[in-house]
Amino acid sequence: MNDQNRNARRPGLRDSAHFLKSLLSTPHLTGAVAPSGRALARAMAAAAGPPEHGLVVELGPGTGPVTRALFDRGLDPRRLMMVEYNPQFCSLLEERFAPARVVQGDAYDLPRTLAGLAGERVSAFVSSLPLLTRPPGDRDKLLGDAFALMGEGGVFVQFTYGLVSPIPRAILEGRYSAHRGRPILANLPPARVWTYRLEAPAPDPAAPRRRREDRL
Ligand SMILES: C[S@@+](CC[C@H](N)C(=O)[O-])C[C@H]1O[C@@H](n2cnc3c(N)ncnc32)[C@H](O)[C@@H]1O
């Protein structure tokens, strides 16, 4: 294993120190007291499924625990695009995870932040953003922008320390399906992974009747 790979696999104290510094300077952006633990990172990567094609976009990778878990599940680094606001985290991520791409920018403005994608297909978003620090309207826009890039078959993965879906029910209704993962008690604080997909269109109520009529 070369030095770069060894570094990428050993988070440790240096990451906790980076994280704490970020928490003290921008608490509303950092949104956690420490990087996600391995159990939570693994659950995030597992929820993204095995996307066989297209890009995976990670929102708010921080020091990269979820990134590492995605690679451990076999994701090719060339298929990962990270969006991180904190420039120090961006430098760290570039140093650790090249050739994966890092964009320094605002995850709540995806059309602008990901303008460089130029039509590349995205199959999954994996988000560690502290969504609860933002108003529901921002979360609604984020999900809408993400699915505009993914289309049907896309998946949006998000963890939360909260008890309920970080995307409120009023936003989900009739548009997205939500799957609630089991609580991950090994994480500090305990967390849960939610997975959102575009809701399948309701079946046309006239369709079966038409078929019966056709048979007469
Ligand atoms: C709760 S931390 C999660 C970090 C890491 N993924 C983990 O699980 O340990 C949230 C991360 O989201 C980033 N972040 C917050 N708001 C952001 C925004 N609007 N755009 C991009 N990144 C943002 C923070 O800088 C921080 O790295």
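Residues numbered from 1 in each chain as written. Predicted model: local features only at pLDDT ≥ 70, side-chain atom pairs only at ≥ 80, totals over all residues.

### Some details on the environment of Arg192
Working step 1: Following the sequence through the fold, Arg192 ends up in strand E7 (residues 192-198).
Working step 2: Residue class for Arg192 comes out buried when judged on the 21 C-beta atoms lying within 10 Å of it.
Working step 3: In this structure, the C-alpha to C-alpha distance between Arg192 and Ala39, residues 153 residues apart in sequence, is 11 Å.
Working step 4: Those residues in contact with Arg192 that lie beyond four places of it in its chain are Phe159, Thr160, Arg180, Gly181, Pro183 and Ile184. (Helix = DSSP H or I, 4+ residues; strand = E, 2+ residues; numbered from the N terminus. Buried ≥ 20, exposed ≤ 12 C-beta atoms within 10 Å, placed from the backbone. Contact = placed C-beta atoms within 7 Å.)

### Re the site of the ligand
Working step 1: Close contacts around the ligand come from 22 residues, with Ser36, Gly60, Gly62, Ala107 and Ser128 the closest.
Working step 2: Mapped by element, the contributors of at least two residues to the shell around the ligand are helix H3 (27-30), helix H5 (65-72) and strand E2 (80-84). (Near = placed C-beta within 6 Å.)

### Looking at the confidence of the model for the protein chain
Working step 1: Looking at the protein chain, pLDDT values average 89 and 90% of them are 70 or higher.
Working step 2: Note that pLDDT drops below 50 for residues 1-8; the model gives that stretch five contacts with residues more than four away or on any other chain.
Working step 3: Across residues 212-216 the pLDDT falls below 50, and counting only partners more than four positions away or on other chains, this stretch makes zero contacts in the model. (pLDDT = per-residue confidence, 0-100.)

### Side note on the nonpolar core
Working step 1: Residues Met44, Ala48, Val56, Leu70, Val126, Ala146 and Val157 are the most contacted members of the largest nonpolar core, which totals 49 residues.
Working step 2: Top element by residues in this core is helix H8 (residues 136-150). It accounts for six residues. (Core = buried A, V, L, I, M, F, W, Y, C linked by C-beta atoms within 7 Å.)

### Some points on helix H4 (residues 38-47)
Working step 1: What H4 keeps buried is the set Leu40, Ala41, Arg42, Ala43, Met44 and Ala45.
Working step 2: Packing partners of the buried residues in H4 comprise H5, strand E4 (122-127), strand E5 (155-160) and E7.
Working step 3: Two residues or fewer past H4, Gly49 is found with a positive phi of approximately 70 degrees.

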